[in-house]
Amino acid sequence: GINAEYGGLTKRPRMKGTEPILTEMITTERTYIRMLRLFFKHVIHPSNSFLNATQVPPVFAVFNDLLKVNHELLSKLEVEQLKDKKDQRLGRVFMEMKDYISSVYIDYCEKLQVSRKRIEELSTNQKAFCLLEESFKEANCQGIGAQGILVWPVSRVARYSLLLKDLAERTPSECVDFSDVCAAVERMSCIARDCAERYQKNECN
């Protein structure tokens, strides 16, 4: 049955092995941050030189906040990785970060659709649009163009929810972090839904 005390997850014997989840969290977080930094360096900074204030996509203003929140999250996860398994508190990390993550990512999603429309409008300005696309190539965005790269953060916050669900399935119920892991599943799932809803709502407007 469902046990509400544990965030809607059944309290039952758990699969062993949380280490692969932590490793995946850290590995993918490092890659994500590296791509954000490349994007910030090659796309956002140079944009000031060839885009005027009315052309700059609003989400560009949020990217520095994305870098800050994800750098802090990565740092906390790396600290936990150095601890003995019995002392690791991954659920607590996400519970400590939940409000910060929610604030930054929801702000990003609210600005996302306007930004995508702004980039579409840029296609009529051949010089500015070509420079923008060239910046994406310089950022080595794995062949993803301007429109595609902008939805990465939406996908990332959804990924946290999935990783935490996997973590909950592997965390023994007697573990001191179990209740925080289950709470983090619920909270990050809510944040992912809020982000998706705000993005879809703006997309329909």
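This structure is a prediction, so every number in the text was calculated from the model and none was measured.

Rules of the game
- Residues take numbers from 1 onward in each chain, read along the sequence in its written order.
- Owing to the predicted nature of the model, reporting of local features is limited to residues with pLDDT of at least 70; listing and counting of side-chain atom pairs is limited to 80 or more, with chain, interface and lining totals taken over all residues.
- Excluding hydrogens and water, the side-chain figures rest on all heavy atoms present in the structure.
- Starting at the N terminus, helices and strands are each numbered in turn, a helix being any DSSP run of H or I of at least four residues and a strand any DSSP run of E of at least two.
- Residue burial is assigned from relative accessible area. The probe radius is 1.4 Å, only protein chains are included, and a residue is buried under 20% of its type maximum, exposed over 50%, and partly exposed in between.
- Contacts are residue-level and defined by heavy atoms, with any inter-residue pair within 4.5 Å sufficient.
- Here the expected span of a helix is defined as 1.5 Å times the quantity of residues minus one.
- Any two rings among Phe, Tyr and Trp, with Trp reduced to its six-membered ring, count as a pair given centres within 6.5 Å; such a pair is stacked if its planes are under 30 degrees apart, edge-to-face if over 60, and tilted if neither.
- Salt bridge criterion: a side-chain nitrogen from Lys or Arg within 4 Å of a carboxyl oxygen from Asp or Glu.
- Here, nonpolar core means buried Ala, Val, Leu, Ile, Met, Phe, Trp, Tyr and Cys residues that are tied together by side-chain atoms lying within 4.5 Å of each other.

Asker: Help me get a handle on the overall build of the protein chain, residues and values and all.
Answerer: If you tally the helices and strands in the protein chain, you get 7 helices and 0 strands. What you see in the protein chain, going N to C, is helices and strands ordered as α-α-α-α-α-α-α. Within the protein chain, the proportion of its 205 residues that are buried is 44%. In the protein chain, the share of contacts with a sequence separation of at least 24, taken over all contacts with a separation of at least 6, comes to 79%.

Asker: Break down the environment of L167 for me, with residues and values.
Answerer: Here L167 lies in helix α6 (residues 152-170). Classification of L167 as buried rests on a relative accessible area of 2%. With 77 residues separating them in the primary sequence, L167 and L90 have C-alpha atoms 8.9 Å apart. Setting aside residues up to four positions removed in sequence, L167 forms contacts with T18, I21, M25, L90 and V181.

Asker: Before we move on, can you summarise α6 with the specific residues and values?
Answerer: Here α6 contains 19 residues, and its C-alpha end-to-end distance of 27 Å stays within 8% of the 27 Å for a straight helix at 1.5 Å per residue. Among the residues of α6, W152, P153, V154, R156, V157, Y160, S161, L163, L164, L167 and A168 are the ones counted as buried.

Asker: Talk me through the environment of S103; I want residue IDs and the actual numbers.
Answerer: By the element assignment, S103 lies in helix α3 (residues 90-122). Relative accessible area serves as the criterion here: at 48%, S103 is assigned to the partly exposed category. In this structure the C-alpha to C-alpha distance between S103 and I191, which are 88 residues apart in sequence, comes to 9.3 Å.

Asker: Requested: an account of the packing of aromatic side chains, with residues and values cited.
Answerer: A full pass over the atoms with the stated rule returns 2 aromatic pairs. Their ring planes at 70° and their centres at 5.8 Å tell us that F63 and Y108 sit as a pair that is edge-to-face. Of this pair, F63 sits in helix α2 (residues 63-81) while Y108 sits in helix α3, and the two are 45 residues apart along the sequence. Classification of Y108 by relative accessible area gives buried; the value is 0%.

Asker: Can you break down the pattern of salt bridges residue by residue, with the values?
Answerer: Under the definition given, this model contains 11 salt bridges. R159 is the salt-bridge partner of E24, the closest N and O atoms lying 2.2 Å from each other. On the criterion of sequence distance, the pair formed by E24 in helix α1 (residues 19-50) and R159 in helix α6 is long-range, its members being 135 residues apart. Note that D107 is salt-bridged to K111, the shortest N-O span being 2.4 Å. One end of the pair, D107, and the other, K111, are both in helix α3, 4 residues apart, so they sit about a helical turn from each other. Judged by relative accessible area, which is 28%, K111 ranks as partly exposed.

Asker: Any details on α2? Residues and values, ideally.
Answerer: In this model α2 runs 27 Å from its N-terminal to its C-terminal C-alpha over 19 residues, within 8% of the 27 Å that 1.5 Å per residue would give. Among the residues of α2, those classed as buried are F63, L66, L67, V69, N70, L73, L74, L77 and E80.

Asker: If you had to explain the nonpolar core to someone new, which residues and values would you point to?
Answerer: By size, the foremost hydrophobic cluster in this structure holds 51 residues, and its most contacted members are L77, F94, Y105 and L150. Looking at this core, the elements that each hand over two or more residues are α1, α2, α3, α6 and α7 (178-204). In this structure, L77 is in contact with L22, M25, I26, L90, V93 and F94, ignoring residues within four places of it in sequence.

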